[in-house]
Amino acid sequence: MTALFERIQEIRRRYPDELSAVMPALQAAQVEHGGWLPREAFREVADALDLTPAYCLSIASFYDMFRLEPVGETVVEVCTNISCGLAGAQGVVEAFERELGLHAGETSADGKFSLRAVECLGGCGWATIVAVNNRHRLRVSAADVPALAAELRGEVSNGDA
Amino acid sequence: MATPEVVFAHTDGGAVTDIAQYEATGGFSALEKSRAMAPDEVIEELNASQLRGRGGAFFPTGRKWSFVPKPEQIAKPHYLVVNADESEPGTFKDREIMLRVPFRFLEGCLIAAYAIQSKHVFIYIRGEYEQEFEVLRDALAAMHKKKVLGGVTIVLHRGAGAYICGEETALLESLEGRRGQPRTKPPFPAIAGLYAAPTAVNNVESITTATSVMEMGGVEYAKLGVPNSTGTRVFSLSGNVVNGGNYELPHGFPLKDLIYEVGGGIANGRKLKAVIPGGSSTVILTPAEVEKATLDFDSLTSLGTAIGSAAVIAIDDRCCMVQLGIRVSQFYEHESCGKCTPCRVGTHWLTQILQKIEDGRAAQSDLDLLLDVCDRILGKCLCPLGDSDAIAVASYVDKFRDEFQAHIDNGGCPLGGSSSLEAVLAPVAMHHAAHEVAHA
Ligand SMILES: Cc1cc2nc3c(=O)[nH]c(=O)nc-3n(C[C@H](O)[C@H](O)[C@H](O)COP(=O)(O)O)c2cc1C
Ligand code: FES
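Residues numbered from 1 in each chain as written. Chains lettered and ligands numbered in written order. Predicted model: local features only at pLDDT ≥ 70, side-chain atom pairs only at ≥ 80, totals over all residues. Heavy atoms only, no water.

1. What to know about the domain arrangement of chain A
Item 1. Segmenting chain A into domains produces domain 1 (3-62) and domain 2 (74-152).
Item 2. For domain 1 of chain A and domain 2 of chain A, the distance between their C-alpha centres works out to 29 Å. (Domains from an automatic or database assignment.)

Written as structure tokens, this is what we have:
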């Protein structure tokens, strides 16, 4: 908590106007809280920036990357926008659904995985793009998914799956 | 094919992320040259280059900088804000620029800041671009150590997932710590931008190209490309082509050569059905139009479309155009900031009507209604986000009317479930039944 407070003060100094620090402060809080923003996070950010928790929530709720509910340790995001869609992204989503036992939009009961379909990730020429905790895997096809899922589950996947 | 590399100069196809290597190939000499000139002379070079903005609107960069008042005219700090929010579907060039030529890009930031007499640069980088953020952060640290910043601060500000924040006034709102909703213009950012102070907002590629312009000289740069569209452009090629990727080519390059030669043609031996030439918001082209088009402002404008963000999406004959419309419209609906009613309601409405057509539930009048809703969005909002949806969808109807008609006449999709975009899932809100249990 105090570490977060200090961190936010440091962020605050980068900007001529402290309100600008709200987004990076929420980002820092989200990291601190394991990938999402629980109620107390808004209180912490608000206190550190002399804002209200309600204001902080109004910002967080606008942006897609702020999570207002818990997410899995590993967040798998499959782009289903045009270029990835044309390259078979739907097959990739369905393969992950089978492998992870989740529907797109869900988090597993053990808190290990979240699966989402997302808008264009900016890798269209290397479709399909799959982001694993924001790191992009390029040219993923449905056939690649079983091996990728095994890797994410921590199963050794040195050889060909 | 000799293609001059300007943006990606001195990279040999790789990345230059080491500052010593960058300096060894002339790095920071353009900055040094600029700082030896008067700020207005730098702007003159940009004017001579005829460089036009690479973010989508193609506005002359030198002119934009010249609109920023002199410090003696407005005694507030001046700001350079770089738009690295790249999120127009199909577009992935700025990302490669930041990864491969981070110093060239950051040198451009310092040149631009010098030209508009600013000491404060903010780079608003798309939140999802984590690796790109790290590369820039490390490059900045190296520049700091080498003392090339010259008293200028460069702050990397990470976005958090909102396409609308690519629109410059929404970006400024977001950077000021508010929800990213566009402002009314005027005042334009040049006069009252960030913190109501004079601000230039430029795209990553425009800024990176400014380094090249100062290196080569504006007149030399203007010899590349074609009239009205000088220089090179990093084209993002994607869709059903063999070799998707970013390709730096001179403006005026034939579109068909980008697809069939550079891109290796249509994948899996399929036939080309349509091309989106400048990002998802631009008017679609038929194969006959593709034959005639060159990749520059004049050619694409004369074909009724736009060069936009230079993102070329090739679509093969397996794709249902109604489904394409649905997916495009779902994107704009999802990304509408909600401020203007025609956009907030209209994008949703378009998706609904298109879905009705796709499902075979539509009457003839629904097709008229679809175009009518497009008309009621166009030009009626603070920013062009809703327009993008309307322009794209109306163009699919215009160019592929028979296919839309067939959906209505046949009571469903003529491709009968075999379309490449069949049932493609749009993002849905996260739902957390599993966690409710975990927390109980
Ligand atoms: C909805 C919308 C999204 C936009 N997204 C971007 C973007 O991601 N990157 C960008 O550089 N410009 C984007 N623009 C254009 C910017 O508003 C602005 O024109 C541009 O950053 C100016 O830079 P330039 O003159 O160097 O091209 C977008 C515009 C609109 C209306
Ligand atoms: S369409 Fe998937 S990354 Fe752009």
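2. Considerations on the side chain of Thr 209 of chain B
Item 1. Mapped onto the secondary structure, Thr 209 of chain B falls in helix α10 (residues 204-216).
Item 2. In this view, Thr 209 of chain B contacts Val 7, Leu 51 and Tyr 221 of chain B; residues no more than four positions away in its chain are not counted. (Helix = DSSP H or I, 4+ residues; strand = E, 2+ residues; numbered from the N terminus. Contact = heavy atoms within 4.5 Å.)

3. Considerations on the nonpolar core
Proteins that are soluble and globular tend to have nonpolar side chains buried together.
Item 1. Formed by 87 residues in total, the largest nonpolar core has its most connected members in Leu 26 and Tyr 63 of chain A together with Ile 315, Leu 324, Leu 370 and Phe 404 of chain B.
Item 2. With 7 residues, the single largest contributor to this core is helix α15 (residues 321-335) of chain B.
Item 3. Beyond its immediate sequence surroundings of up to four residues, Phe 404 of chain B is in contact with Met 321, Val 322, Leu 354, Ile 357, Leu 367, Leu 370, Tyr 396 and Val 397 of chain B.
Item 4. Residues Leu 31, Ala 113, Val 213 and Tyr 221 of chain B belong to the second largest nonpolar core, which totals 55 residues. (Core = buried A, V, L, I, M, F, W, Y, C linked by side-chain atoms within 4.5 Å. Buried < 20%, exposed > 50% of the residue type's maximum accessible area, 1.4 Å probe, protein only.)

4. Describing the pattern of salt bridges
Item 1. Enumeration according to the criterion identifies 36 salt bridges over all chains in this entry.
Item 2. Here Lys 223 of chain B and Glu 220 of chain B are joined by a salt bridge, their closest N and O atoms 2.6 Å apart.
Item 3. A relative accessible area of 39% means that Glu 220 of chain B is categorised as partly exposed.
Item 4. With a closest N to O distance of 3.0 Å, Arg 270 of chain B and Asp 317 of chain B form a salt bridge. Pair noted here: Arg 270 of chain B is in the loop between α12 (255-262) and β10 (272-276) and Asp 317 of chain B is in the loop between β12 (311-316) and α15, with a separation of 47 residues, a long-range link.
Item 5. With a relative accessible area of 36%, Arg 270 of chain B lands in the partly exposed category.
Item 6. The class of Asp 317 of chain B is partly exposed, set by a relative accessible area of 31%.
Item 7. Connected via shared salt-bridge partners are Asp 64, Arg 67, Glu 77 and Arg 116 of chain A. (Salt bridge = Lys/Arg side-chain N within 4 Å of Asp/Glu carboxyl O.)

5. Quick word on the domain arrangement of chain B
All names here are of chain B.
Item 1. Domain annotation of chain B identifies domain 1 (19-223), domain 2 (234-316) and domain 3 (321-430).
Item 2. The partner domain 3 presents 9 residues to the 12 residues of domain 1 that form the contact.
Item 3. Buried surface at the junction of domain 1 and domain 3, both sides included, amounts to about 880 Å², of which 70% is carbon and sulfur.
Item 4. The largest share of the area that domain 1 buries against domain 3 comes from Tyr 163, Gln 181 and Pro 182, three residues that together contribute 53% of it.
Item 5. Taken together, domain 1 and domain 3 are joined by 3 residue pairs in polar contact (both at pLDDT 80 or more).
Item 6. Split by residue class, the side of domain 1 that touches domain 3 holds 5 nonpolar, 4 polar and 3 charged. (Buried area = accessible area lost by both parts, 1.4 Å probe. Polar contact = N/O pair within 3.5 Å; in protein donor to acceptor, adjacent residues only side chain to side chain. Nonpolar A, V, L, I, M, F, W, Y, C, P; charged D, E, K, R; others polar.)

6. Points about helix α5 (residues 93-100) of chain B
Item 1. For α5 of chain B, the buried fraction is high: 7 of the 8 residues fall into the buried class.
Item 2. Within the sequence span of α5 of chain B, burial applies to Lys 93, Asp 94, Arg 95, Glu 96, Ile 97, Met 98 and Arg 100 of chain B.

7. Overview of the interface of chain B and chain A
Item 1. If you look at the interface, chain B gives 76 residues, while chain A gives 55 residues.
Item 2. Together chain B and chain A conceal approximately 5,000 Å² of surface at their shared face, both sides included; 58% is due to carbon and sulfur atoms.
Item 3. Between chain B and chain A we count 3 salt bridges in total.
Item 4. Here Arg 135 of chain A makes a salt bridge to Glu 134 of chain B, at a shortest N to O gap of 2.7 Å.
Item 5. Examining the composition of the side of chain B that touches chain A, we find that 7 residues originate from one element, α15 of chain B, more than from any other.

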